[in-house]
Amino acid sequence: PCSQVTMQPPPLRPLSLALVLLVLLVLGASTGAAKPFQLDSKYHAFADAIIKHTTQSIEFDTFTHLCDYYGPRYRGTPALNNAIRFIEGKMIEEGLETTLEPVENITNWVRGKESVTLLEPRVTELAMLGLGTSVGGDVTAPVVVFSSFDDMLNHTDIIPGNIVLFNVPFTSYGRTVGYRTRGASRAAEFGAVGCLVRSIASFSLYTPHTGVMGYDPKQPKIPSAAITVEDAAMLGRMYDRGTPIKVRLQMGCKTVEPASSFNLLGQVNGSLIPNEVVVLGGHSDSWDVGQGAIDDGGGLFTSWQAVNTIQQLVQAGLIPPPRRSIRAVLWVDEEISQRGASTYFNDHKSELGDTVIAMESDTGNFQPTGFGFSGLPEAHDVISEIVGTLLHDIGSTRRHALFISDL
């Protein structure tokens, strides 16, 4: 989820969570042992060194510089590639082994001029943001309001020729985001001429949230935009009272020629089994309406500084060199088509068997409470032992965040 609001730099302590798990995995934990995993006591000292470093030594001037001087890191803009080059230069200064890997054919959606004007029952401009990959258009029509897809399916006869508003309260991102990604096509199936969605946000200060949406190729493409939580609730109240509502939705967006950019890799090579790789990642791109401080500046900084911290502590003699290689990957084009991730996958297929674990930070940078996990049972046992034993002091041991899936 993205917002117009410029966020403050993330706090220090979340970095320690990823770093503790990372160093334990790369320094010697085996995810395939037949016998029950038991954490060696030596890792307590390593964890203490990492936590001390991340809570006392990490400074955020580089992070704020990235946000302040490069602004939105939007695909197809010089700012994105310049920001990637800036981070590459910093990685080189830190002694990391860096690689720029080209990423081509990035979907290049351009926002253009856009607005939503309430015409009835009164005239006012509503704060809005077009949704990524939406088609443009200029539509004036009555509004019908639904609280869910089921609600819409019970009233399909009133949809033709109208703009559909999904006024769906936020429960969780995973449960609510479908109204943004699929709402336009679901509404178009029954004759809607435009789609508005209540911003997918847990709170709001009259700030619309953008994000990507998609189209069902079987349905007409209609323009789709997000409005604020406050305005969606207001229109919902008007609609429940039986008040006719009419809006004009204007969107000048379009998809232009594909863009090119890079994935950036920063690595510390392993000392004993360098062919085995631990991957940490965040995405370098952001939306065009904010500086991308949280989505995903904090995530890319966490991943990057995890690797840099390992490098610094090894050089200082505070922890031993990692057995496996540790790689930070800053993927590009996460927000729309994930071309960076798919390109990395194709470029590194030969390494898949030697990729021990992959982590991504892209759910916000706040006080960590636990880990989400997908893997085999024996790997789950290793992660559970590490989380339960070494993350206790920073309050990050919640087990319900851990889950198993067959791979």
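Notes on the structure in this doc start here.

Thresholds applied
All residue numbers refer to positions counted from 1 along the written sequence of the respective chain. Given that the model is predicted, a residue must reach a pLDDT of at least 70 before its local features are reported, and side-chain atom pairs must reach 80 or more before they are shown or counted; all residues, however, enter totals for whole chains, interfaces and linings. No hydrogens and no water enter the side-chain calculation; it runs on all heavy atoms of the structure. Helix and strand assignments come from DSSP, with helices taken as H or I runs of at least 4 residues and strands as E runs of at least 2, each series counted from the N terminus. Here, expected helix span is obtained from the residue count minus one, scaled by 1.5 Å. Buried, partly exposed and exposed residues are distinguished by accessible area as a fraction of the type maximum, computed with a 1.4 Å probe on protein chains only: under 20%, between the cut-offs, and over 50%, respectively. Contacts: residue pairs with any heavy atoms within 4.5 Å of one another. Polar contact criterion, stated in full: a pair of N or O atoms within 3.5 Å, where within protein one must be able to donate a hydrogen and the other to accept it, and residues adjacent in sequence count only if both atoms are side-chain atoms. Strands are labelled as partners when DSSP assigns at least two bridges between them. A fitted line through C-alpha atoms represents every axis, and for helices the fit uses only the stretch in contact; the resulting angles, taken between N-to-C directions, go from 0 to 180 degrees. When two rings of Phe, Tyr or Trp (its six-membered ring) have centres within 6.5 Å they constitute a pair, described as stacked for plane angles under 30 degrees, edge-to-face for angles over 60, and tilted for the intermediate range. Criterion for a charge above a ring: Lys NZ or Arg CZ within 6 Å of the ring centre, and within 35 degrees of the ring normal.

**Observations regarding helix α4 (residues 78-94)**
Part 1: Here α4 contains 17 residues, and its C-alpha end-to-end distance of 24 Å stays within 8% of the 24 Å for a straight helix at 1.5 Å per residue.
Part 2: For α4, the full list of buried residues reads A79, L80, A83, I84, F86, I87, E88 and M91.
Part 3: Summarising the contacts, the buried residues of α4 are in contact with α3 (61-70), β1 (97-110), β10 (254-268), α9 (293-315) and β12 (324-331).
Part 4: A positive backbone phi angle near 90° is found at G95, which sits one or two residues after α4.

**Concerning the side chain of S303**
Part 1: Tracing the backbone through its elements, the reader meets S303 in helix α9.
Part 2: For S303, a relative accessible area of 2% translates into the label buried.
Part 3: A distance of 2.9 Å separates the side chain of S303 from the backbone oxygen of G281, its partner in a polar contact.
Part 4: Beyond its immediate chain neighbours, meaning those up to four positions away, S303 contacts L280, G281, G282, A328 and S361.

**A few points about unusual backbone geometry**
Part 1: In this structure, P121 follows E120 across a cis peptide bond, with omega equal to 15°.
Part 2: Within the element layout of this structure, P121 appears in the loop between β2 (114-120) and β3 (124-126).
Part 3: Here D295 and D296 are connected by a cis peptide whose omega angle stands at 5°.
Part 4: Following the sequence through the fold, D296 ends up in helix α9.
Part 5: Despite not being glycine, Y206 has its phi angle at roughly 60°, a positive value.
Part 6: As for its position among the elements, Y206 is in the loop between β7 (194-198) and β8 (224-227).
Part 7: Despite not being glycine, Q338 shows a phi value in the positive range, around 55°.
Part 8: Note that Q338 resides in the loop between β12 and α10 (339-347).

**Points about the sheet that holds β10**
Part 1: Spatial strand order, β1-β10-β12-β11-β13: five strands in an open sheet with mixed pairing. Looking at the sheet topology across the chains shown, the edges are occupied by β1 and β13 (355-360). Across this sheet, the average inter-strand angle for adjacent strands is 20°, counted without regard to direction.
Part 2: Pairing between strand β11 (residues 273-283) and β12: eight bridges, direction parallel. Opposite L280, over in β12, you have A328 as the bridge partner.

**So, the packing of aromatic side chains**
Each aromatic ring pair is described using two quantities: the centre-to-centre distance and the angle formed by the ring planes.
Part 1: Scanning all chains against the criterion turns up nine aromatic pairs.
Part 2: Seen in terms of ring centroids, Y74 and W287 are 6.2 Å apart; in terms of plane orientation they differ by 35°. Their pairing is tilted. Of this pair, Y74 sits in the loop between α3 and α4 while W287 sits in the loop between β11 and α9, placing them 213 residues apart in sequence.
Part 3: Of the aromatic side chains, those joined through ring pairs into one cluster are F63, F301 and W304.
Part 4: R75 extends its terminal NZ or CZ atom over the ring of W287, reaching a point 5.3 Å from the ring centre.
Part 5: The cationic tip of R186 hangs over the ring face of F149; the distance from NZ or CZ to the ring centre is 4.4 Å.

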